[in-house]
Amino acid sequence: MRIYITDGTRTVQLSTSPRERTDLKTAEKTARRLFAALPGPPQDKPKTPIGFAGSVQSDTEIAPEPAPQLDETDGDDE
């Protein structure tokens, strides 16, 4: 015999062997007791937004790019 109890999120399945000779009333009572012992469905938690909660500031200035360096051979065609 198999008994299923579900509320859409939680499920209890109780199976008995024919050799056990368990009556339906006892099996149903056991399945209900197991179902009542299960934790409730998870509460809908608000989702945390992705990203930063504040602004990012920096006191460090970016250095200017260095002037290009000329090789000894550049500019001297003589």
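No experiment lies behind these values; they were computed from the predicted model shown. Numbering of residues begins from 1 in every chain and follows the order in which that chain's sequence is written. Reporting of local features is limited, given that this is a predicted model, to residues whose pLDDT is at least 70; pairs of side-chain atoms are given and counted only at 80 or more, and all residues count toward the totals for whole chains, interfaces and linings. The basis for every side-chain value is the complete set of non-hydrogen atoms in the structure, without hydrogens or water.

Novice: Summarise the overall build of the protein chain; cite the residues concerned and give the values.
Specialist: The secondary structure content of the protein chain amounts to 1 helix and 2 strands. Put simply, the protein chain has 78 residues, and 12% of those count as buried. Any two residues whose heavy atoms approach within 4.5 Å are treated as being in contact. Partitioning the contacts of the protein chain with sequence separation of at least 6, the portion at a separation of at least 24 is 41%. Accessible areas in this description were obtained via Shrake-Rupley with a 1.4 Å probe; residue shielding takes into account the shown protein chains only. When the accessible surface of the protein chain is split by element, carbon and sulfur atoms take 52% of a total near 8100 Å². Numbering goes from the N terminus for both helices and strands, where a helix is a DSSP run of H or I of at least four residues and a strand is a run of E of at least two. Buried means the residue's accessible area, taken with a 1.4 Å probe over protein chains only, is under 20% of the maximum for its type, while exposed means over 50%, and partly exposed covers the values in between.

Novice: Which residues make up the packing of aromatic side chains, and what values go with them?
Specialist: We call Phe, Tyr and Trp rings a pair once their centres come within 6.5 Å, taking the six-membered ring for Trp, and we label the pair stacked below 30 degrees between planes, edge-to-face above 60, and tilted otherwise. Taken as a whole, this structure holds 0 aromatic pairs when the rule is applied. The cationic tip of R10 hangs over the ring face of F35; the distance from NZ or CZ to the ring centre is 4.5 Å. Criterion for a charge above a ring: Arg CZ or Lys NZ at most 6 Å from the ring centre, at most 35 degrees from the ring normal.

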